[in-house]
Amino acid sequence: MAAFRLAHLSDPHLPPLPVARLRDLAGKRAFGYLNWTRNRHKYHRREVLDALVADLHGQHPDHIAITGDLVNLALETEFKPAHAWLESVGPPDRVTVVPGNHDAYVRATRHRFAMTFADYLRGDGADGAALFPFLRRRGPVALIGTSSAVPTPPLMATGWLGHAQLAALERMLAELSTEGAFRVLLVHHPLHSDARVKRLTDSHKLLDLIKRYGVELILHGHDHIHSTMWFEGPSGKIPAIGVPSASALPRHHYPAAAYNLFSIERDGNAWRCEQVVRGIGDDLRVGRLSETRLV
């Protein structure tokens, strides 16, 4: 049987930002809007995102995972264009999405993401409102979607899963631990961060679940960098992979846009997972940056 190919991109921060009304820019949005107009619009570019997605389509993955931050300020006017973009990436049965902190930027629109993109984050067999965590099975892969997206005060970008989601996740992981699927956990925030203002505040509780029940792979965004961290599982180390923003030009220590492509297949009684990183070059052409065997 051919390997299952899972693509992973994150943090498209869809440009351009729609025109905002003055009354929409109170509180935290004022800081975010100022940052966008002064700085972020220079390196989050639509032509970069389009080139990356075109290359991804050319690789013909079996499924695509997107780990959040589709929008920037969670303005009402951002969600319709974001949905149109997501439809251009692929249909709901071929694409799975979880939210990032920018998708729940303020309380007024914190639930807008789950409403707008419900078909892309609804678990198999579920109907009605999208709930977290959710489970989607695609070939040999079990995709476990979580939400660490919560509104935070200005200058903060922390995430939080919360007791109810962690309790449901424990039940889900316990059931999956006996099934033999290749389990992929999707979460926006990394499971470890030295930056207090950007961390997942209850990551220790999530790491405890991972250590007890295990998954094969963790995918996240948020930091806008290439990242591989290893965490303890019940029978060995588990890789957690981050990826740069899908719309970014390089700046300072932040690399240009890239995505991950994982080839997943059985190898006897074990799993084999290989990671290829493809990213944007100076000429806006996408090429292979690295290849790694993870498992």
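In case you missed it, the structure is sitting above this.
This write-up is about the structure you can find in this document. Computed from a predicted structure; not experimentally measured.

## A look at the pattern of salt bridges
Next, step 1: Under the counting rule described, the total for this entry stands at 17 salt bridges.
Next, step 2: Each of Glu170, Asp208 and Arg212 takes part in one network of salt bridges that share partners.

## Things to note about the packing of aromatic side chains
Next, step 1: Applying the stated criterion to the full structure yields 4 aromatic pairs.
Next, step 2: Plain terms: the ring middles of Phe113 and Phe117 are 4.7 Å apart, the flat faces sit at 55 degrees to each other, and that makes the pair tilted. Accessibility classification places Phe113 together with Phe117 in one group, the buried group.
Next, step 3: Where Phe182 meets Trp271, the ring centres are 5.4 Å apart and the plane angle is 80 degrees; that geometry is what we call edge-to-face. Highlighted residues: Phe182 in strand 6 (residues 182-186) and Trp271 in strand 11 (residues 270-280), separated in sequence by 89 residues. The two residues Phe182 and Trp271 agree in class, both being buried.
Next, step 4: Each member of the aromatic cluster is reached from another via a ring pair, and the members are Phe79, Phe113 and Phe117.
Next, step 5: Positioned over the ring face of Tyr105 is Lys28, at 4.6 Å from the centre of the ring.
Next, step 6: Of note, Arg266 hangs over the ring of Trp271, and the distance from its end group to the ring centre comes to 4.2 Å.

## Remarks on the environment of His44
Next, step 1: Along the chain, His44 falls in the loop between helix 1 (28-38) and helix 2 (46-58).
Next, step 2: Residue classification places His44 among the buried positions, given a relative accessible area of 1%.
Next, step 3: Beyond its immediate sequence surroundings of up to four residues, His44 is in contact with His13, Pro15, Trp36, His224, Ser245, Ser247 and Ala248.

## A few points about helix 2
Because each turn of an α-helix spans 3.6 residues, side chains separated by three or four positions end up pointing in the same direction.
Next, step 1: The terminal C-alpha atoms of helix 2, which comprises 13 residues, lie 18 Å apart, in line with the 18 Å expected from a rise of 1.5 Å per residue.
Next, step 2: Buried residues of helix 2: Val48, Leu49, Leu52, Val53, Asp55 and Leu56, and no others. Down the axis of helix 2, the buried side of the element spans an arc of 160 degrees, and every buried residue falls inside it.
Next, step 3: Looking at the buried residues of helix 2, the elements they touch are strand 1 (4-9), strand 2 (63-66), helix 3 (76-89), strand 10 (258-267), strand 11 and strand 12 (286-293).
Next, step 4: Just downstream of helix 2, His60 is the residue with a positive phi angle, here 55 degrees.

Each value, and the rule that gives it
Residues numbered from 1 in each chain as written. Predicted model: local features only at pLDDT ≥ 70, side-chain atom pairs only at ≥ 80, totals over all residues. Heavy atoms only, no water. Salt bridge = Lys/Arg side-chain N within 4 Å of Asp/Glu carboxyl O. Phe/Tyr/Trp six-rings, centres within 6.5 Å; stacked < 30°, edge-to-face > 60°. Buried < 20%, exposed > 50% of the residue type's maximum accessible area, 1.4 Å probe, protein only. Helix = DSSP H or I, 4+ residues; strand = E, 2+ residues; numbered from the N terminus. Lys NZ or Arg CZ within 6 Å of the ring centre and 35° of its normal. Contact = heavy atoms within 4.5 Å. Expected span 1.5 Å × (residues − 1). Arc of directions from axis to C-beta.

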